Structure formats: C-alpha cells, structure tokens
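Close look at the chain arrangement
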Amino acid sequence: CANTYDTGSNISFEQNIGLSDAGALTVSNGIYYELRDNNNPIVGLLPLHSKLLIYKTNSISIGEINLSGGNSDPIIIQQDVVRNIGACSICTVCNTGLKHIFFSGSNLYETDGFNIQAIGDGNIQYIIKNMNKEYLHRCFAFILPEENLYCLMIPTGTSEYCNTCIVFNYETRSWTFWTFK
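The sections below set out a description of the structure shown in this document. The model shown is predicted, which means the values in this text are computed figures rather than measured ones. (Residues numbered from 1 in each chain as written. Predicted model: local features only at pLDDT ≥ 70, side-chain atom pairs only at ≥ 80, totals over all residues. Heavy atoms only, no water.)

1. A look at the overall build of the protein chain
- Helices and strands together make up the secondary structure of the protein chain, namely one helix and 15 strands.
- Classification of the 181 residues of the protein chain by burial places 40% in the buried group.
- A separation threshold of at least 6 residues defines the contact pool for the protein chain, and within that pool the share at least 24 residues apart is 37%.
- Accessible surface, the protein chain as shown: approximately 9900 Å² in total, 51% of it carbon and sulfur. (Helix = DSSP H or I, 4+ residues; strand = E, 2+ residues; numbered from the N terminus. Buried < 20%, exposed > 50% of the residue type's maximum accessible area, 1.4 Å probe, protein only. Contact = heavy atoms within 4.5 Å. Areas by Shrake-Rupley, 256 points an atom, 1.4 Å probe, with all protein chains shown as cover.)

Rendered as structure tokens:
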C-alpha cells in the first residue's frame, strides 16, 4: 500500500495499492491501483465487512471484491467516496465489528462503509482546544470490546506524548476523559 519504488525499473508508484501472489510483489506480475492525489496521502487501510476502506488524510476510498471473475480486476476501487474527511493516522482507526471509529484530527467519526457520521459533537471543542497539535501524529486508539469503548489517546497541553484518553462508549453514546501524569 501507499508509496512504493521499484528499484529494478526505477519507477516510483506514488499512492498505489499493489496486489500479487504472496511474496511476489513486482511490477511485472502485480496489479496496481493508482490513487492519484499526492496531496492527500494514504495513511492506511482496514477491512470492514466485505469492503476495504482506504483512509487518506482528507478522504476515504473504498475497495470491493469484483465478483464478475474472468480477466477483470479482482478489486474495484471507488476513489474518494468520502471527501474532506479522513484519518490523521491509521492508528486512530478501530474496527468495532460493525463500524470503524476514527479521529480525523478535527472530529471523531464512525462509518459503516456506506454512511459516515460525526460523533464528537459537544466534546470536540474540548479536544481541539486542549490537544497539542504539534504532536498530533502520536495519537492512537484502541477498543475495549467487552465494554464497548473506543479509547483515543492524545497529547494535551504542552505534553509531547499522549497523556489524555478520550473514551467513547459506542453502545450508550456516552463520553468520559481519563488523564495520565
């Protein structure tokens, strides 16, 4: 995924997804899907149901298995299905089983692969106001599925490291904040 460089042919594949047999990713036997917007880099991709969600900094693209068979491409890519919303890091995207929850750097969202909804309303102002934006790249998230919790770790104040956990219960839709020293 993302930026690859083939040393044999000296060809740079910016923003591509490459597919091939296991361990045989080469230009001659692989399939490449170009996602051409170099100002909107891929941060990562994760499966959701039968889809592959391709997260960029400012958009989300979707890949789906092509069931037509034959010589057709095995994956159909729909580029930038969601525009102006992306993930600041793939480390903030979590799969709850039914949805992905992620942090864009300016809001929290959830998506089922078809619809996207902002879920940070009312709490995002606190997050944005207190977040140390210089170290946004250090944000990460995890889920506690037994408790239905999405936990987003962010650096706040002057901290260079994540010291606050924003906790969202995706079943009850409630919020809490945990602070670490």
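2. Examining the packing of aromatic side chains
- This structure, assessed with the given rule, holds four aromatic pairs.
- Ring plane angle 65 degrees and centroid distance 5.2 Å describe the contact between Tyr 55 and Phe 102, whose orientation is recorded as edge-to-face. Taken together, the residues span a long stretch of sequence, with Tyr 55 in strand E5 (residues 51–56) and Phe 102 in strand E9 (residues 100–103) at a distance of 47 residues.
- Looking at Tyr 55, the relative accessible area reads 0%, which means it is buried.
- Residue Phe 102 is classed as buried on the basis of its relative accessible area of 0%. (Phe/Tyr/Trp six-rings, centres within 6.5 Å; stacked < 30°, edge-to-face > 60°.)

3. Some points on the pattern of salt bridges
- Taken as a whole and judged by the stated rule, the model has two salt bridges.
- Put simply, Glu 110 and Lys 99 hold a salt bridge, and the shortest N to O gap is 3.5 Å. A residue pair is termed long-range when its members are at least 10 positions apart, and Glu 110 in strand E10 (residues 108–111) and Lys 99 in the loop between strand E8 (94–95) and E9 qualify at 11 residues.
- Glu 110 gets classed as buried once you look at its relative accessible area, which sits at 5%.
- For Lys 99, a relative accessible area of 31% gives the class partly exposed. (Salt bridge = Lys/Arg side-chain N within 4 Å of Asp/Glu carboxyl O.)

4. Examining the pairing of E5
- A large share of E5 lies buried, amounting to five of its six residues.
- Where strand E4 (residues 42–48) and E5 come together, six bridges link them in antiparallel fashion. Residue Gly 44 lies in a different strand from E5, and its bridge partner there is Tyr 55.
- From the end of E4 to the start of E5, which pair antiparallel, there are two residues, and His 49 there has a positive phi angle of about 55 degrees.
- Relative to strand E6 (residues 59–65), E5 is paired through five bridges, and the arrangement is antiparallel. If you follow Leu 52 over to E6, its bridge partner there is Gly 63.
- As consecutive antiparallel partners, E5 and E6 are separated by two residues. (Pairing = 2+ DSSP bridges.)

5. A word on the pairing of strand E12 (residues 140–144)
- As judged from the five bridges shared by E12 and strand E13 (residues 149–154), these two strands associate in the antiparallel manner. For Ala 141, the partnering residue across the bridge sits in E13 and is Leu 152.
- Counting the residues that bridge the hairpin from E12 to E13 gives four residues, and of these Asn 148 lies at a positive phi of roughly 60 degrees.

6. Let's talk about unusual backbone geometry
- In the Ramachandran plot, Asn 148 falls in the positive-phi region, its phi being about 60 degrees despite a non-glycine side chain.
- Of note, Asn 148 is situated in the loop between E12 and E13.
- With phi around 65 degrees, Arg 173 is a residue other than glycine that occupies positive phi space.
- Relative to the helices and strands, Arg 173 is located in the loop between strand E14 (164–169) and strand E15 (174–179).

7. Some points on the environment of Cys 91
- Mapped onto the fold, Cys 91 is located in the loop between strand E7 (75–83) and E8.
- Residue class for Cys 91 comes out partly exposed when judged on its relative accessible area of 43%.
- On a C-alpha basis, the gap between Cys 91 and Leu 152 in space is 9.5 Å, while along the polypeptide they are 61 residues apart.
- If near-sequence neighbours (up to four positions away) are discounted, Cys 91 is found in contact with Cys 139, Phe 140 and Ala 141.

Function-wise, these values are silent; they only describe arrangement.
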